[in-house]
Amino acid sequence: MHITRSQTDWIARAREVLPAAGFGNFDPGIVIARGEGAKVWDEDGRDYVDYLIGSGPMLLGHGHPEVMEAVLEQLPRGMTFFANNARGIELAEAICEAVPCCEQVRFVTSGGEADMYALRLARAFTGRSKILKFEGGYHGMSAEAQMSLAPAREVNFPQAVPDSAGIPASVAEQMLIAPFNDLEAVASLMAEHDDIAAIIVEPLQRIIPPKPDFLRGLRALCDRHGVLLIFDEIVTGFRLAYGGAQERYGVVPDICTLGKIIGGGFPLAALGASAEIMAHFDKEVVGADKWLMQLGTLSGNPVAAAAGLKTMEVLKRPGQYDRLRALGTCLQEMQSTALDAVGLDHRICGDPTLFDLYFTSADPVDYRSARHDDPGRNGVYNRVLRENGVFKSPGKLYPCLALTDLDLARTVTAVSRAAEATAQAAGTA
Ligand SMILES: Cc1ncc(COP(=O)(O)O)c(C=O)c1O
């Protein structure tokens with residue numbers, strides 16, 4: 001007998017066996033049963049238009065028929081080998097063809113792992129130890145990355161504040177923290193410190209766009225000081241453009257990290273750079289002292305590679321990015337229109353392919369300025385969106401290519417109800 005369990009049952013079971021009742025990623029008050037196209041269903045059978053899309057990977061939507069076919073073709077041939085395999089090699093070729101800074105890539109399983117190796121690679125290549133990172137920049141969960149992502153206290157730059165317990169104090173000493181979009185701050189840190197191995201940056205930091213000359217300025221400073229520039233393109237890769245943020249903004253880093261879309265919904269990430277830099281993964285070329293030991297059980301997994309390859313093949317077809325940007329622009333405009341109509345100050349922030357809004361009247365340019373005047377407004381807005389069938393994270397909205405006119409129509413209704421409820425709560429309506 002098949003027993004149907006309610007969402008409440010699943011939430012209670014999760015509370016028993018998972019700390020903080022969940023996987024650590026998302027609100028544990030919802031349990032997803034399935035996804036199809038641009039929609040997901042919870043365990044009570046309620047459906048939502050999905051603007052979370054797995055935190056980014058499902059750019060084509062859930063269960064894209066061509067991606068499913070590629071995965072189903074691979075499955076009976078084997079799920080993982082540890083050894084080189086053809087799908088993984090093809091995926092490496094496709095990435096190197098698409099992404100300007102990549103002559104070679106190394107596969108790993110998660111984005112955070114790719115970032116960790118990127119930092120180590122920069123240190124191996126330059127023989128220097130310090131890393132310059134931006135306040136509020138997210139680069140996974142390594143000790144270095146967990147510095148001043150969401151600092152619990154405001155300190156003076158360039159001091160690093162650990163975001164997590166369990167990180168040795170010595171790690172903070174290796175980090176320099178700067179405000180995003182502040183080229184002068186970066187220039188003066190680089191003038192003061194001659195032991196910086198790399199700058200790591202999200203080219204679009206969370207949802208804050210770079211000022212017009214910021215990335216170009218970082219490139220020039222790195223060139224002047226012999227520092228490597230790392231673009232964390234885990235989110236922006238194959239989203240802002242087929243060649244990622246480096247194509248969209250026209251600035252080529254020394255190293256980039258990729259994840260999410262390149263695994264087509266399966267666990268796969270990569271870091272890539274010139275053959276000269278990537279040679280540090282080859283002991284024969286650089287010798288034992290300069291070699292980076294690197295391996296992982298699931299690296300280059302053939303099922304993930306097949307899904308990623310097919311996803312990229314679909315994305316490469318003419319018109320896909322135009323359509324994605326048009327969908328994003330439409331979603332941005334619909335929210336602005338609804339919020340203007342109820343008189344709520346706000347800023348839509350990001351790129352049409354990834355954005356959200358702040359309830360503020362100031363333009364967000366860095367971590368400290370990217371905030372809601374009243375965070376309660378964002379809470380109400382997102383709660384009412386969810387109640388009206390829109391599923392998103394409270395800080396990001398990802399459009400996907402599977403969105404239909406019906407999904408958009410449903411979103412318009414949800415947005416106008418959420419705007420009205422927020423205005424009522426704020427006392428402006
Ligand atoms: C910019 C950025 N870097 C790194 C990561 C970490 O990737 P993963 O969750 O695959 O470890 C993420 C994840 O959202 C990210 O957005």
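For the structure, see preceding data.
These notes cover the structure that comes with them. (Residues numbered from 1 in each chain as written. Predicted model: local features only at pLDDT ≥ 70, side-chain atom pairs only at ≥ 80, totals over all residues. Heavy atoms only, no water.)

For the rest of this paragraph, the subject is the sheet that holds strand β1 (residues 32-36). Ordered by their spatial adjacency, 4 strands build an open sheet running β1-β2-β3-β13, and the pairing between neighbours is mixed. Both outer strands of the open sheet, β1 and β13 (390-391), are each paired with one neighbouring strand and no more. Taken together, the 3 bridges between strand β2 (residues 39-42) and strand β3 (residues 47-50) define a ladder with antiparallel strand orientation. Looking at the pairing, Lys 39 lines up with Val 49 of β3. Sheet strands touched by helix α14 (residues 405-426): β2, β3 and β13. Its angle to β3, the strand with the most contacts, is close to 100 degrees. (Pairing = 2+ DSSP bridges. Helix = DSSP H or I, 4+ residues; strand = E, 2+ residues; numbered from the N terminus. Contact = heavy atoms within 4.5 Å. Axes fitted to C-alpha atoms, helices over the stretch in contact; angles between N-to-C directions.)

With the rule as written, the count across this model stands at 25 salt bridges. A salt bridge links Asp 27 to Arg 386; its shortest N-O distance comes to 3.2 Å. With Asp 27 in the loop between α1 (7-17) and β1 and Arg 386 in helix α13 (residues 375-387), the pair connects residues that are 359 residues apart, well separated along the chain. Among the ionic pairs, Glu 387 bridges to Arg 383, the shortest N-O distance being 3.1 Å. Residue Glu 387 and its partner Arg 383 are located together in helix α13, separated by 4 residues, close to a single helical turn. Given a relative accessible area of 44%, Arg 383 falls into the partly exposed group. When salt bridges with common partners are traced through the structure, they connect Glu 66, Lys 310, Glu 313 and Arg 317 into a single cluster. (Salt bridge = Lys/Arg side-chain N within 4 Å of Asp/Glu carboxyl O. Buried < 20%, exposed > 50% of the residue type's maximum accessible area, 1.4 Å probe, protein only.)

A few words on the nonpolar core. Residues Ile 95, Phe 134, Ile 199 and Phe 238 are the most contacted members of the largest nonpolar core, which totals 94 residues. Here this core gets 8 residues from one element, more than from any other, and that element is helix α11 (residues 302-315). Filtering out sequence-adjacent residues up to four positions away, Ile 199 remains in contact with Leu 132, Phe 134, Val 186, Met 190, Leu 218, Cys 222, Val 227, Leu 228, Leu 229 and Ile 230. Core analysis: the next-biggest nonpolar cluster, separate from the first, contains 29 residues, Ala 114, Ala 118, Ala 172 and Met 278 among them. (Core = buried A, V, L, I, M, F, W, Y, C linked by side-chain atoms within 4.5 Å.)

Leaving glycine aside, a negative phi is the common case for residues, and trans is the common case for peptide bonds. The step from Phe 157 to Pro 158 runs through a cis peptide bond, and the omega angle for that step is 10 degrees. With respect to the element layout, Pro 158 can be found in the loop between β5 (130-134) and α5 (169-173). One non-glycine residue, Phe 82, lies in the positive phi region at around 70 degrees. In this structure, Phe 82 sits in the loop between α2 (65-74) and α3 (86-98).

This paragraph deals with the side chain of Gln 246. Examined against the element boundaries, Gln 246 turns out to sit in helix α8 (residues 244-249). By relative accessible area, which is 2% here, Gln 246 ends up buried. Side-chain polar atoms of Gln 246 contact the side chain of Glu 233, separated by 3.0 Å. Those residues in contact with Gln 246 that lie beyond four places of it in its chain are Val 99, Pro 100, Cys 101, Phe 231, Glu 233, Val 251, Val 252, Pro 253 and Cys 256. (Polar contact = N/O pair within 3.5 Å; in protein donor to acceptor, adjacent residues only side chain to side chain.)

Quick look at the pairing of strand β7 (residues 196-201) now. With respect to burial, β7 is a largely interior element, 6 of its 6 residues being buried. Taken together, the 4 bridges between β7 and strand β8 (residues 228-233) define a ladder with parallel strand orientation. In the strand pairing of β8, Ile 199 is matched with Leu 229. Remark: the β7/helix α7 (residues 214-225)/β8 crossover connection has right-handed handedness. (Right-handed = clockwise from strand over helix to strand, strands pointing away.)

With that settled, consider a nonpolar patch on the surface. Taken together, the side chains of Met 68, Leu 72, Leu 75 and Met 79 make up a nonpolar region of the molecular surface, amounting to roughly 400 Å² of accessible area. Position of Leu 75 among the secondary structure elements: in the loop between α2 and α3. With relative accessibility at 32%, the residue Leu 75 sits in the partly exposed group. (Patch = residues over 30% accessible without salt bridge, like charges linked within 9 Å, V, L, I, M, F, W, Y side chains within 5 Å. Areas by Shrake-Rupley, 256 points an atom, 1.4 Å probe, with all protein chains shown as cover.)

Glancing now at the pairing of β2. In this structure, β1 lies alongside β2, joined through 4 bridges in antiparallel fashion. Across the sheet, Ile 32 pairs through a bridge with Asp 42, a residue of β2. Connecting the antiparallel pair β1 and β2 is a turn made up of 2 residues, with Gly 37 showing a positive phi of about 60 degrees. Between β2 and β3, which follow one another and run antiparallel, lie 4 residues, and Gly 45 among them has a positive phi close to 85 degrees.

This part is about the site of the ligand. In the vicinity of the ligand there are 13 residues, among which Gly 111, Gly 112, Asp 232, Val 235 and Lys 260 approach most closely. In the model, an oxygen atom of the ligand is placed 2.8 Å from a nitrogen or oxygen of the Gly 112 main chain. Arg 206 places a polar side-chain atom, nitrogen or oxygen, 3.0 Å from an oxygen atom of the ligand. For the ligand, whose unbound accessible area comes to 390 Å², protein coverage reaches 79%. Looking at the shell around the ligand element by element, the count peaks at 3 residues for helix α4 (residues 111-126). Class assignment of the residues belonging to the shell around the ligand gives a composition of 3 nonpolar, 5 polar and 5 charged. (Near = heavy atom within 4 Å. Nonpolar A, V, L, I, M, F, W, Y, C, P; charged D, E, K, R; others polar.)

Our focus in this paragraph is the packing of helix α12 (residues 320-341) against α14. The interhelical angle for the contact between α12 and α14, taken along N-to-C directions, is 30 degrees, at an axis separation of 9 Å. Taken together, α12 and α14 sit at an angle that is classed as roughly parallel. The handedness of the crossing between α12 and α14 is right-handed. Judged by residue contacts, Leu 327, Cys 330, Leu 331, Met 334, Gln 335, Ala 338 and Leu 339 of α12 engage Leu 408, Thr 411, Val 412, Val 415, Ser 416 and Ala 419 from α14. (Parallel < 35°, antiparallel > 145°, perpendicular 65-115°, else oblique. Left-handed = near helix turned anticlockwise from the far one by under 90°.)

As a further point, take the environment of Gln 205. Mapped onto the secondary structure, Gln 205 falls in the loop between β7 and α7. When the C-alpha atoms of Gln 205 and Val 235 are compared, they prove to be 9.8 Å apart, with 30 residues separating the residues in sequence. In this structure Gln 205 touches Phe 134, Glu 135, Gly 136, Gly 137, Phe 180 and Tyr 367, once residues within four positions along its chain are discounted. At 2.8 Å, the side chain of Gln 205 forms a polar contact with the backbone oxygen of Glu 135.

Honestly, that's just the spatial picture; any functional story needs more than this.
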